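The chain contents come next:
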Amino acid sequence: MILDGTTPLILAAAGGHIEAVTELLQQGADPNARRLTGTTALFFAAQGGYMDIASLLLEHGSIVDSCSIDGGTPLFVACQCGHLDVVEGLIERGANPNAYMKDGATALFIAAQNGHLRILEVLLEHGAKTDAARTDGATPLWIGAQMGHDHVVRRLLKAGAKVDATRHDGATPLFKAAHKGHTAVVGELLKYRPSLGILPNGESALHAAALTGQMTVTRQLVGAGADPLLVNQEGITPLQLAIRHSQTQVANYLKDKVRTRTGTS
């Protein structure tokens, strides 16, 4: 055993060497031996996408939801790495789709963050909670929107995810998508009538788009009814914000919309 607790079985599993894993198990190797990080051979088999090794370890008594010191399980790392067959195999063998890490992140959150749509669908099919939030309030929909994964956002909304789920800093999925210019995500969110007004963070999604000069998103939001003259917590409108930050294209567009609305030239 190495000082960090790594055993020959863990090394063999991590390397995908099924013959070595088989031999070590037959010789009595402990399938649940942990490294100092809390990870077992099953964790590394899942990480590497080696479902044959994972199955062998489970047959020899590996604990399917054995977790690392941060709360991550083999299912988490399989979701992170995009190993669909391992995700399906672990769930079939009893892995809990609603287990969560110390920061509250679930397997569904990890799948959404990494854009793994089919894995996300499998988790939902097996009862994963759509709006299970991380300790900072971020939900799978929130992180999917921030990362620009419109296919994930579409599926979560269809599954009933709350469109205005708010992180503790007051930002919604629409706000983050607008800020980052994720036009496809904004389009998906707008189908579910998200708030276009002032959010708990004191801003609106249009303020976020104006600040960062997201022209296409600005058009989307105004088209959906966002107000270019809405005042944020600092008393500033999206139009003023665009001017202040030299977002000329957005500013000119918003000026035109204001003129049209007020009838001024």
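- Under the annotation held in an unreviewed UniProt entry, the chain carries the name Ankyrin repeat domain-containing protein 29 isoform X3 and is attributed to Bombus vosnesenskii.

**Things to note about the environment of His-126**
For step 1, the next point in the chain: Tracing the backbone through its elements, the reader meets His-126 in the loop between α8 (117-125) and α9 (140-147).
For step 2, the next point in the chain: For His-126, a relative accessible area of 43% puts it in the partly exposed group.
For step 3, the next point in the chain: Sequence spacing of His-126 and Pro-97 is 29 residues, and the spatial spacing of their C-alpha atoms is 7.1 Å.
For step 4, the next point in the chain: With sequence-adjacent residues up to four places away left out, His-126 is seen in contact with Ile-91 and Pro-97.
For step 5, the next point in the chain: Only 2.9 Å separates the side chain of His-126 from the backbone oxygen of Val-122, close enough to count as a polar contact.

**Comments concerning the side chain of Thr-139**
For step 1, the next point in the chain: Along the chain, the position of Thr-139 falls in the loop between α8 and α9.
For step 2, the next point in the chain: Of the residues examined, Thr-139 reaches a relative accessible area of 4% and is grouped as buried.
For step 3, the next point in the chain: Look past the residues within four positions of Thr-139 in its chain and what remains in contact with it is Phe-109, Asp-131, Ala-132, Ala-133 and Ala-165.

**Here we look at the layout of surface pockets**
For step 1, the next point in the chain: Estimates place the volume of the largest pocket at around 160 Å³.
For step 2, the next point in the chain: Contributing to the lining of the largest pocket are 14 residues, with Phe-43, Asp-70, Phe-76, Gln-80 and Met-101 lying nearest its centre.
For step 3, the next point in the chain: Going through the elements one at a time, α5 (74-81) and α7 (107-114) are the ones with two or more residues in the lining of the largest pocket.
For step 4, the next point in the chain: Tallied by class, the residues present in the lining of the largest pocket amount to six nonpolar, seven polar and one charged.

**Regarding helix α6 (residues 84-92)**
For step 1, the next point in the chain: Looking only at α6, the buried set comprises Val-86, Val-87, Gly-89, Leu-90 and Ile-91.
For step 2, the next point in the chain: For α6, the secondary structure elements touched by its buried residues are α3 (41-48), α4 (51-59), α5 and α8.
For step 3, the next point in the chain: Positioned one or two residues after α6, Gly-94 has a phi angle of 105°, which is positive.

**Points about α3**
For step 1, the next point in the chain: Burial runs high along α3: six of the eight residues are buried.
For step 2, the next point in the chain: Taken together, the buried positions of α3 are occupied by Ala-41, Leu-42, Phe-43, Phe-44, Ala-45 and Ala-46.
For step 3, the next point in the chain: Where α3 is buried, its residues touch α1 (8-15), α4, α5 and α6.
For step 4, the next point in the chain: Positive phi shows up at Gly-49, right after α3, with a value of about 80°.

**Some words on unusual backbone geometry**
For step 1, the next point in the chain: One non-glycine residue, Arg-193, lies in the positive phi region at around 50°.
For step 2, the next point in the chain: Tracing the sequence through the fold places Arg-193 in the loop between α12 (183-190) and α13 (205-212).
For step 3, the next point in the chain: Owing to a relative accessible area of 76%, Arg-193 belongs among the exposed residues under this scheme.
For step 4, the next point in the chain: Look at Ser-246: it is not a glycine, yet its phi comes out positive at around 55°.
For step 5, the next point in the chain: Looking at the secondary structure, you find Ser-246 in the loop between α15 (238-244) and α16 (248-262).

Thresholds applied
- Residues numbered from 1 in each chain as written.
- Predicted model: local features only at pLDDT ≥ 70, side-chain atom pairs only at ≥ 80, totals over all residues.
- Heavy atoms only, no water.
- Helix = DSSP H or I, 4+ residues; strand = E, 2+ residues; numbered from the N terminus.
- Buried < 20%, exposed > 50% of the residue type's maximum accessible area, 1.4 Å probe, protein only.
- Contact = heavy atoms within 4.5 Å.
- Polar contact = N/O pair within 3.5 Å; in protein donor to acceptor, adjacent residues only side chain to side chain.
- 1 Å grid on protein atoms, 1.4 Å probe; cavity = no way out; pocket = protein on both sides within 12 Å on 5 of 7 lines; lining within 4 Å.
- Points joined across faces, edges and corners; volume = space filled by probe spheres on them.
- Nonpolar A, V, L, I, M, F, W, Y, C, P; charged D, E, K, R; others polar.

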